[in-house]
Amino acid sequence: MRKTLYIIGLSMVVFSCTSQRNAKNRQYIPKTPSVQQKTAVKTPSEKPKPKVTSEHGVEFFTTNIADPAKNDNTASYGSIVSAKPSGYKVVKTYFPAIAQNFRQRYLILHYTALPDDKSITVLTQQAVSSHYLVNNTGDNEIYQLVDENKRAYHAGVSAWRADKSLNDTSIGIEIVNTGYTTDSAGNKVFAPFDDAQIKKVAALVKDIVSRYQIPATNILAHSDIAPTRKQDPGPLFPWKKLYDEYQIGMWYDEAQKQSFYDFATSTDFQSKYNDPAFIFNIQTQLQKFGYGLDLSGKWDDATKKTIEAFQYHFRPQNYDGIMDAETFSILQALLLKYPVK
């Protein structure tokens, strides 16, 4: 009996010790998480960016680091405008992004149809404005009326190629000129422009289109973008002079125009004139060039006014609104030289 109790007690001790050893073996030991080396994110090699400069607390960035071939441009022609959120700080650690361009894509030329003093009053005190006003007082001054970064109210209901409401994307230049009167036969008689005034216009346009990379196809008359409503700056505005002497705007090549003219006059051009298919084709070509014109297949009022606006710009010797062989040939030469991209 005593031996039996001894064996039972010994077994209990052995079991107890074994259990404690097993418990120790089963004791939870937290694992140290293995740290994996992060692969460095490869970023494209960046050229060092010019710093934002500051003058009297106002910041500027006047260097382009983007690709001008893509019409991207990071230069700011004026101070950088930034948000100031309450309780937070806006920083320019990564300024500027290269994917940006200018709002200013068009340059639109107008005449005021008013003398100098009234032009200033209307353009500064009423619900119409332009970025610049070129006076006719014989001095070397050009009046700025609206910040280039803001919309001026000069274009109104307007269109050119795929764009509409061109106030959003343009700079407007008003030129002091009295416009036109109507003679006894109902014909428009336009006032000429002063040579010194045109030199001002040329210098101003050259500066603007150079800074904003505005193409020749986007340097337009008010009558180009609103042909059913407007005539300015009219047929006496010297578009060809600006093209020849200052490399401003569009003009056709004479040899190409003559080639189209020879073809038109040798194919009985006049006999097709009232054919709806011919009219529709002319309307399509005017629309393709840029004019906002509906395709009606008729010589309607809108089409005649559009042809008249085209003639103001490119055939000022005759602006009767009729698509004759000369006007037709000029249109073909321009389409060839300035295709829609």
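What you see is a predicted model; the values in this text were computed from it and never measured.

Parameters and conventions
- Residues numbered from 1 in each chain as written.
- Predicted model: local features only at pLDDT ≥ 70, side-chain atom pairs only at ≥ 80, totals over all residues.
- Heavy atoms only, no water.
- Core = buried A, V, L, I, M, F, W, Y, C linked by side-chain atoms within 4.5 Å.
- Buried < 20%, exposed > 50% of the residue type's maximum accessible area, 1.4 Å probe, protein only.
- Helix = DSSP H or I, 4+ residues; strand = E, 2+ residues; numbered from the N terminus.
- Contact = heavy atoms within 4.5 Å.
- Phe/Tyr/Trp six-rings, centres within 6.5 Å; stacked < 30°, edge-to-face > 60°.
- Polar contact = N/O pair within 3.5 Å; in protein donor to acceptor, adjacent residues only side chain to side chain.
- Expected span 1.5 Å × (residues − 1).
- Arc of directions from axis to C-beta.
- Salt bridge = Lys/Arg side-chain N within 4 Å of Asp/Glu carboxyl O.

Draft legend 1. Up close: the nonpolar core. Ranked by size, the top nonpolar core spans 61 residues in total, and within it Ile173 and Phe289 carry the most contacts. Considering every element that reaches this core, the biggest residue donor is helix H3 (residues 195–212), with 8 residues. Discounting residues that sit within four places of it in the chain, Ile173 has contacts with Leu107, Ile108, Leu109, His110, Tyr132, Val134, Leu204, Val205 and Ile208.

Draft legend 2. Quick look at the packing of aromatic side chains. All chains considered together, the criterion is met by 23 aromatic pairs. Judged by centre distance (5.7 Å) and plane angle (80°), the ring pair of Phe61 and Phe95 falls under edge-to-face. Of this pair, Phe61 sits in the loop between strand E2 (58–60) and strand E3 (106–111) while Phe95 is found in the loop between E2 and E3, placing the two residues 34 residues apart along the sequence. Ring centres of Tyr291 and Phe310 lie 6.3 Å apart, and the angle between their planes is 70°; on these two criteria the pair is classed as edge-to-face.

Draft legend 3. Looking closely at the side chain of Asp324. Relative to the assigned elements, Asp324 resides in the loop between helix H8 (301–314) and helix H9 (325–337). There is a polar contact of 2.7 Å between the side chain of Asp324 and the side chain of Thr327. Ignoring any residue separated from it by four or fewer positions in sequence, one finds Asp324 in contact with Phe269, Arg315 and Asn318.

Draft legend 4. View of helix H7 (residues 276–289). For H7, spanning 14 residues, the distance from its first C-alpha to its last is 20 Å, which sits close to the expected 20 Å at 1.5 Å a residue. Every buried residue of H7 is accounted for by Phe278, Ile279, Ile282, Gln283, Gln285, Leu286 and Phe289. Angular distribution of buried residues about the axis of H7 spans 160°; they occupy a single face of the element. The exposed residues of H7 that point more than 90 degrees off its buried face are Ala277 and Lys288. Buried residues along H7 sit against strand E6 (159–160), H8 and H9. Where H7 starts, the residue carrying a side-chain oxygen 3.0 Å from the main-chain nitrogen of Ala277 turns out to be Asp275. Gly290, located one to two residues past H7, shows a positive phi value of around 155°.

Draft legend 5. Seen up close, the side chain of Asn167. With respect to the helices, strands and loops of the structure, Asn167 is situated in the loop between strand E7 (163–164) and strand E8 (170–175). At a separation of 3.2 Å, a polar atom in the side chain of Asn167 contacts the main-chain amide nitrogen of His154. Every residue in contact with Asn167, bar those within four places of it in the chain, is listed here: Arg103, Arg151, Ala152, Tyr153, His154, Ala155 and Gly156.

Draft legend 6. Focus on the pattern of salt bridges. What the rule picks out here adds up to 14 salt bridges. For the salt bridge of Asp168 with Arg151, the shortest nitrogen-to-oxygen distance reads 2.6 Å. One end of the pair, Asp168, is in the loop between E7 and E8; the other, Arg151, is in the loop between strand E5 (143–144) and E6, with 17 residues separating them in the sequence. When the shortest N-O distance is used, the salt bridge between Glu245 and Lys241 registers 3.3 Å. One end of the pair, Glu245, and the other, Lys241, are both in helix H5 (residues 239–246), 4 residues apart, so they sit about a helical turn from each other. On the accessibility criterion, Glu245 (47% relative accessible area) is partly exposed. The network of salt bridges with common partners includes Glu148, Asp207 and Arg211.

Shape is all these values report; function is a separate question.
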